[in-house]
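# Descriptive analysis of the structure
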Amino acid sequence: MADLTRNAVDVLPAGMLQEQLTAGRPLRVKLGIDPTTPDIHLGHTVVLEKLREFQQAGHQVVLIVGDFTARVGDPSGRSAQRPMPSPEEIEANATTYQEQAFKLLDRERTEVRFNSEWLRMAPEELLGLLAQTTVARLIERDDFQKRLAAGAPIAALELLYPLLQGYDSVAVEADVELGGTDQKFNLLFGRDLQSAYGQKPQSIMTLPILVGTDGTQKMSKSLGNYIGVTEAPEEMFGKAMRVPDEAMPDYYRLVLGAEPSPEATANEAKRALARRIVERFHDAPAAQAAEEHFNRLFVERQAPDEVDELGLGPYLGENGDLVHLPLLMAGAFEISSSEARRLIQQGGAKLDGETIPSDTLDLAPEALDGRVLQIGKRRFRRLRGGV
């Protein structure tokens, strides 16, 4: 029991999981992931690792790929409606999600289901599902309450999301459902629907949200503060070395299931973290090569000691939440925006020595502050926020 609840924030209702585990039968343990982006990052692995622990304990893992719910958009933790990916993007992402998830899960012992199997329902079935709740119940969630208080819109489609995710639990007859702390409302709602459909309600477990490499915000590809599980070893290592010292204990605990060595300096602990992350998703030789690459860039100081600084202020978008990289590079290096875009697409632009992904044209200012932007071998600018 202690192993399976390690790192958990909520295990509800109190005592139920313990009763389930002592009942003498394998539990059906569910996790749903909507394929809204192409990559799984370390933030996703916190819950996937817990799913793996249940699998190793002999329970049946059910991984639900939300190819239908991705078209609705989970409002959890959102201050506005999510942009909807195209059907083609969802299909492509669903394939890569599975392959990336199997870096942690045993493929042969994982039941993979697509929720379009049961959510493409007849109108009569949908009406029956809608009849199981009220609008008052749906808008209880904190995300909606904050939007209502701010006068921000809530799309009718978003109200459907907890109903659809909850029906997933009915469809697969889940005994346990896992999710991040931002999923608590949805997970509890699944219990309501199981009761309405005559099933014994599942227990739920929530896991902490891993902060990104900026040390403040939730890890997210859109914020540029993520470490993807399929990234190149040198990119993984370099990104891990940017994790702030104060976030290190969480990374060790949630990603590695360990504690930093008390004798190690902050730099040594960070290097050990970076090596172990690369080893986990690649191998030991790749981790060694990645560390050597990092040393060439930063220890041996191939970049100059003194780098001219550039304030991000003039390059912020209208809402101040994103910086358009081609515009930033044009101002930093006196080149055209089209030339800057071409450099990014051809892998000729770097941040802290790491190649900027060819599809990354916008990043949050928090993901750029303090980093060195580089084109070619000798052109550098250190970026500073708030200027």
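This text follows the structure it describes.
Let me sum up the structure you'll find in this document. (Residues numbered from 1 in each chain as written. Predicted model: local features only at pLDDT ≥ 70, side-chain atom pairs only at ≥ 80, totals over all residues. Heavy atoms only, no water.)

## What about the sheet that holds strand β6 (residues 203-207)?
Definition in use: A pair of strands is considered paired only if DSSP assigns at least 2 bridges between the two. The secondary structure listing takes helices from DSSP runs of H or I that are at least 4 residues long and strands from runs of E that are at least 2 residues long, numbered from the N terminus. Fitted lines through C-alpha atoms give the axes, limited to the stretch in contact for helices. The angle between two N-to-C directions lies from 0 to 180 degrees. The criterion used for residue contact is that any of the two residues' heavy atoms lie within 4.5 Å.
Spatially, β1-β6-β5-β2-β3-β4 is the arrangement adopted by the six strands of the open sheet, whose pairing is mixed. Among the strands making up the open sheet, the edge pair consists of β1 (10-12) and β4 (110-114). Taking each pair of neighbouring strands and ignoring which way they run, the sheet shows an average axis angle of 20°. The pairing of strand β3 (residues 60-65) with β4 spans five bridges and is parallel. Its bridge partner being in β4, Val-65 is matched across the sheet by Phe-114. Along the sheet, helix α8 (residues 156-172) contacts β2 (28-33), β3, β4 and β5 (176-180); its crossing angle with β2, the most-contacted strand, is approximately 145°.

## As for the side chain of Gln-374
For clarity, the threshold we go by: Per-residue accessibility, obtained with a 1.4 Å probe over protein chains only, is compared with the maximum for each type, and a residue is labelled buried under 20%, exposed over 50%, and partly exposed between these values.
With respect to the helices and strands, Gln-374 occurs in strand β12 (residues 372-375). A relative accessible area of 11% means that Gln-374 is categorised as buried. Ignoring sequence-local partners within four residues, the contact set of Gln-374 consists of Phe-333, Gly-348, Ala-349, Lys-350, Arg-379 and Phe-380.

## Considerations on the nonpolar core
The cut-off we apply is this: For our purposes a nonpolar core is just a set of buried Ala, Val, Leu, Ile, Met, Phe, Trp, Tyr and Cys residues, chained together by side-chain atoms within 4.5 Å.
Leu-42, Leu-48, Tyr-251 and Ile-277 are the most contacted members of the largest nonpolar core, which has 54 residues in total. At seven residues, helix α12 (residues 266-281) tops the list of elements feeding residues into this core. Not counting residues up to four positions away in its chain, the partners in contact with Tyr-251 are Leu-42, Leu-210, Val-211, Gly-212, Thr-213, Met-219, Val-243, Leu-256 and Leu-273. Leu-312, Leu-325, Met-329 and Ala-349 belong to the second largest nonpolar core, which has 22 residues in total.

## Considering empty space enclosed by the protein
For clarity, the cut-off: Note on definitions: the grid is 1 Å and covers protein atoms alone; a cavity is a set of points where a 1.4 Å probe fits but cannot get out; a pocket is an open set with protein on both sides within 12 Å along at least five of seven lines; lining residues have an atom within 4 Å of a point. Grid points are joined across faces, edges and corners, and a volume is the space filled by probe spheres set on the points. Charged means Asp, Glu, Lys or Arg here, nonpolar means Ala, Val, Leu, Ile, Met, Phe, Trp, Tyr, Cys or Pro, and polar covers whatever is left, Gly included.
Considering all chains together, one arrives at one cavity of 30 Å³ or more under this definition. In this structure, the largest cavity occupies an estimated 40 Å³ of space. Forming the walls of the largest cavity are Ile-33, Ile-40, Leu-63, Ile-64, Val-65, Tyr-97, Gln-98 and Ala-101. Elements with a minimum of two residues in the lining of the largest cavity: β3 and α3 (87-101). Among the residues making up the lining of the largest cavity, the classes are represented as seven nonpolar, one polar and no charged.

## Quick word on the sheet that holds strand β10 (residues 354-355)
Strand pairing in a sheet relies on backbone hydrogen bonds, with the paired strands running either antiparallel or parallel. Pairing is mixed in the open sheet, where five strands are placed in the order β7-β13-β12-β9-β10. At either end of the open sheet lies a strand with only one pairing partner, and these are β7 (309-311) and β10. Summarising the sheet, strand β9 (residues 349-351) and β12 pair through three bridges and their orientation is antiparallel. Across the sheet, the residue bridging to Leu-351 is Leu-373, located in β12. Contacts between helix α14 (residues 325-333) and the sheet are confined to β7, β9, β12 and β13 (379-384), with β12 contributing the most and set at about 80° to the helix.

## Quick notes on the pairing of β5
In plain terms, the rule: With strands facing away from the observer, any crossover in which the path from the first strand over the helix to the second runs clockwise is taken as right-handed.
Extensive coverage of β5 is indicated by the burial of five of its five residues. Here β2 runs beside β5; their pairing, made up of two bridges, is parallel. Looking at β5, one finds that Val-29 is bridged to Val-176. In this sheet, β6 lies alongside β5 in parallel orientation, the contact comprising five bridges. Across the sheet, Gly-179 pairs through a bridge with Thr-206, a residue of β6. A crossover links β5 with its parallel partner β6, the connecting element being helix α9 (residues 184-196), and its sense is right-handed.

## A word on the packing of aromatic side chains
Which entries qualify depends on this criterion: Aromatic pairs are defined between Phe, Tyr and Trp rings, using the six-membered ring for Trp, whenever the two ring centres lie within 6.5 Å; interplanar angles under 30 degrees are classed as stacked, those over 60 as edge-to-face, and all others as tilted. By definition here, charges over rings are those cases where NZ of Lys or CZ of Arg is within 6 Å of the ring centre and within 35 degrees of the ring normal.
Tallied over the full model, the rule gives three aromatic pairs. With centroids separated by 5.4 Å and ring planes inclined at 70°, the aromatic side chains of Tyr-167 and Tyr-197 adopt a geometry described as edge-to-face. Residue Tyr-167 is found in helix α8, and its partner Tyr-197 is found in the loop between α9 and β6; the two are separated by 30 residues along the sequence. By relative accessible area, which is 15% here, Tyr-167 ends up buried. Judged by its relative accessible area of 34%, Tyr-197 is partly exposed. Cation over ring: Arg-141 sits above Phe-144, and NZ or CZ is 5.5 Å from the ring centre. Taking the ring centre of Tyr-226 as reference, the NZ or CZ of Lys-239 above it sits at 4.0 Å.

The values reported here are purely geometric and, on their own, carry no functional implication.
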